[in-house]
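What follows is the residue order along each chain.
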Amino acid sequence: MSDTLIFVIISLIKSVVVVALLLLGVAIGVYLERRILGFIHLRYGPNRCGPFGILQTIADGIKLFFKQDITLPVTERTLYVVAPIIAGVTALFPFVAIPFADKVLPDAINLFGRTIDLTQYSMNRGVIADLPGGILFILAVSSLSVYGVLLAGWTSDNKYSFLGGVRVTSQMLSYELFLGVSIMGVLMVTGSIRMTEIVEAQKHMWNIVYQPVGFILYMIAGFAEACRTPFDLIECENELGSGFNTEYSSMKFALFYLAEYIHIITISAIAVTLFLGGWQGPWLPSGLWFIIKVACLFVFFIWVRGTYPRVRFDQLMSLGWKYLFPIAMANLIVTGVCVLIS
Amino acid sequence: MRKEIIKLNVGPQHPSTHGVLRLLVELEGEVVVSCDPDIGYLHRGIEKLMENRTYHRSIPLTERVDYLAGAANSLGYILAVERLLGIEEIPPRARYIRVIVAELTRIASHLFWLATHGHDLGAMTPLFYALRDREVIMDFFEKWAGKRLFPNMFRVGGVAKDFPDGMEQEIRKFAEELPEKMKDYETLLTKNPIWINRTKGVGVLSIDEVLDWGLSGPMARGSGLDFDIRKVDPYLGYDEFDFVVPLGKNGDTYDRYLIRLEEMRQSCRIILQALDRMPKGDIMIDDYKVAFPPKEKVVNGEYLIPHYLLVVKGFKTPKGEVFHHTEAPKGELAFYIVSDGSEHPYRVKIRTPSFVNLQVISKLAKGRLLSDLIALIGTIDIVLADVDR
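Just so it is clear, the structure is predicted and the values come from calculations on it, not from any experiment.

Novice: For this particular structure, what's the right way to read the overall build of chain B?
Specialist: In terms of helices and strands, chain B carries 16 helices and eight strands. Across its three principal axes, chain B shows a C-alpha extent of roughly 85 × 45 × 35 Å. The buried share of chain B, taken over its 389 residues, is 50%. For chain B, restricting intrachain contacts to residue pairs at least 6 apart in sequence, the fraction spanning at least 24 positions comes to 69%.

Okay, structure coming up:
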């Protein structure tokens, strides 16, 4: 058995585990969001399905699964059907390069009387693929997620969805840009774009200490990327009546829903990896630390949703281009000077 | 560059049109080129229905004109009928009960406005806070009248029922606590930069424009026009209460938001003063030709017959016409009743604030973004039942 084949097998196993955990995370995340929002709103939230309502998401999932799948007689039928699949799949991509734990396998294993070195290709570590240009890959594939929403908006043959699609294009494209700039500071401090090295460089001090402005900027951009309140303009139910996903039902709708929450988890996971020390932490196993940190950021997303109104479209644009982008550039320059001096 | 205009139907089934309002909007990108409100989806012909009913039997109909401020509408109607009959004085206790209920209704209406307006702009949490406080008022009405939205307790010549025992203390507690609770809204909205950005400079109206369009209520006072009928043309003895009419400076959505918040606080003050001055005693005049005799006396024939006649035939009004306006939560609510001397009004015209205020939306929305249109619907504070009647 060649090493490549072993690498493929191990990566596949890791992928399955990660996807399963992500889907579980989404289920728990949706439940958490509804409970915490209920807590903020002085109401109960779901509390009927199972103990404390924890089975509510599963019940909702089953309901969506068995609902009639209405496919509209739209002009671009193929794209209309493919759009939710694109949204769901592209949302999963960035997790390929995100290290979620320290070591998950021993350095070498004995298989059929042969010793296989698992340190090559970082097979023993808690990352599906330890890409040399990990952060670039993440930035590249997270840009793809705009396609799903965009196509959904354009092919729905609905003016409200169309407006949602137009909004998402300009929103995500402009925020993608300064999301990239906001994390450049981290890369300069660390001196590497490999995700595992970025995590290991934070062994003694988290990057948030060196890059507080970068972290805040990244989180704002993250809210815009994930299209969450206060930047949930593409689906604001009060103006566009749910926007791009109005014309989708059943599992097609569920895929969009899934994509939205995976997006939040991804944004949180990248923030944890780049700024909050990744899986590093004392006493507890590394994977658990990663999950705890991601969960904290996820709750932060929910908290903001319970607190803020929604910004207007033109204000979102001017906020991004007039204020945040210059700040991000200034942060980059200051970081560069500091790195040069030290 | 070729410009294309999208024609968009906002409503009648749209989450932010506060009912069945249909706005025919022409969009250029996201900018509203023209906005034409199309109304009539909730027309129930209340004015026509009233022509075939006795004066008392119209009271439940009038409460349904603006369903978020039921008692305020029947108050306006009752006062108009009383003016037609020439009833100048009602027992003081009845008068104070009317004032308290009218102000509670104003608070309830404003709280509901705050809830929906906030939610339209994406702020979810104030919705639940405001509805929590409104729920207390609904509970008062339920305890007093058995009905939550439409107490239907005002009668010509007084009120049908006194407050139950202990309710005065509860109302006092509520009126004292509400300004404290409203600090939550202040933290969530008033100083929130996103909220300020969304509302400041949106829907600006000058005093001249307000007068030209005939606006009233917070829409007029937001632009600084000192026009509150409780002060300008006092009814129910409002001139004896000490309260301030808040006025705005810029005439934008943010000012109108602040004014409605302040009006709630002033209403609390009025309620507290009314509770202080409320005497014990009768709640109905003793002219049993127009007013219902007390229920416990109806077993007696002396009272039974007028009661029977009032219910079955109603009372006759002198021939003539009467106009009476009140300050409803949403603005000037006026009843114009023409009487031909029979038991039924010959014609009733209801001048509802929402109907008059709504027309300004086509002016305000022009050149603004679609998101601003939603904010404008909220700031005008329309109830479609009030528009269509």
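Novice: What is the right way to look at the nonpolar core in this model?
Specialist: In summary, soluble globular proteins display a tendency toward joint burial of nonpolar side chains. Residues A:I262, A:A271, B:V81, B:I100, B:I361, B:L373 and B:L376 are the most contacted members of the largest nonpolar core, which totals 190 residues. The greatest single-element share of this core, amounting to 16 residues, is contributed by helix α10 (residues 250-275) of chain A. Residues within four places of B:L373 in sequence aside, it is in contact with B:V25, B:V32, B:C35, B:A365 and B:R368.

Novice: Quick question: what am I supposed to make of unusual backbone geometry here?
Specialist: For residues other than glycine, phi is negative in most cases, and the peptide bonds are mostly trans. Residue and element names in this part refer to chain B. Phi at N152 is positive, roughly 55 degrees, even though this residue is not glycine. By secondary structure assignment, the location of N152 is in the loop between α5 (125-145) and β4 (154-155). Judged by the 19 C-beta atoms lying within 10 Å of it, N152 falls in the partly exposed class. Backbone geometry places R389, a non-glycine residue, at a positive phi of 60 degrees. Here R389 is to be found in the segment after α16 (384-388).

Novice: Whenever I open this one, the interface of chain A and chain B confuses me. Can you help?
Specialist: Accessible area lost upon the coming together of the parts is a frequently used measure of interface size. In this assembly, 23 residues from chain A lie in contact with 26 residues from chain B. Only α5 (159-190), α9 (237-240), α11 (286-307) and α12 (313-341) of chain A provide two or more residues apiece to the side of chain A that touches chain B. Grouping the constituent residues of the side of chain A that touches chain B by class yields nine nonpolar, seven polar and seven charged.

Novice: What exactly am I supposed to notice about α10(A) here?
Specialist: Given 3.6 residues per helical turn, the α-helix brings residues three or four places apart onto the same face. All names here are of chain A. Counted at 1.5 Å a residue, the expected span for α10 with its 26 residues is 38 Å, and the 38 Å between its end C-alpha atoms agrees. A large share of α10 lies buried, amounting to 22 of its 26 residues. Positive backbone phi, approximately 80 degrees, marks G277, located one or two places after α10.

Novice: How do you make sense of the packing of helix α4 (residues 92-120) of chain B against helix α11 (residues 253-277) of chain B when you look at a structure like this?
Specialist: Axes are the key here: two packed helices are described by the angle between their axes and the distance separating the axes. All names here are of chain B. Contact geometry for α4 and α11: axes closest at 9 Å, N-to-C directions at 160 degrees. Taken together, the axis directions place α4 and α11 in an arrangement best described as roughly antiparallel. α4 and α11 meet at a crossing whose hand is left-handed. Residues Y96, V99, I100, E103, L104, R106, I107, H110, W113 and L114 of α4 touch α11, and the partners they reach there are R260, E263, M264, S267, I270, I271, A274, L275 and R277. Among the residues forming the contact of α4 with α11, the class breakdown is 12 nonpolar, two polar and five charged.

Novice: Just checking my understanding: could you explain the sheet that holds strand β1 (residues 6-10) of chain B for this structure?
Specialist: Residue and element names in this part refer to chain B. Sheet architecture is open: three strands sit in the order β1-β2-β3, paired in antiparallel fashion. Each edge of the open sheet is held by one strand with a lone partner, namely β1 and β3 (31-38). Here the strands of the sheet are splayed against their neighbours by 20 degrees on average, with no regard to which way each runs. For β1 and strand β2 (residues 22-28), the ladder comprises five bridges, and the chain directions are antiparallel. Across the sheet, the residue bridging to K7 is E26, located in β2.

Each value, and the rule that gives it
Residues numbered from 1 in each chain as written. Chains lettered and ligands numbered in written order. Predicted model: local features only at pLDDT ≥ 70, side-chain atom pairs only at ≥ 80, totals over all residues. Helix = DSSP H or I, 4+ residues; strand = E, 2+ residues; numbered from the N terminus. Buried ≥ 20, exposed ≤ 12 C-beta atoms within 10 Å, placed from the backbone. Contact = placed C-beta atoms within 7 Å. Core = buried A, V, L, I, M, F, W, Y, C linked by C-beta atoms within 7 Å. Nonpolar A, V, L, I, M, F, W, Y, C, P; charged D, E, K, R; others polar. Expected span 1.5 Å × (residues − 1). Axes fitted to C-alpha atoms, helices over the stretch in contact; angles between N-to-C directions. Parallel < 35°, antiparallel > 145°, perpendicular 65-115°, else oblique. Left-handed = near helix turned anticlockwise from the far one by under 90°. Pairing = 2+ DSSP bridges.

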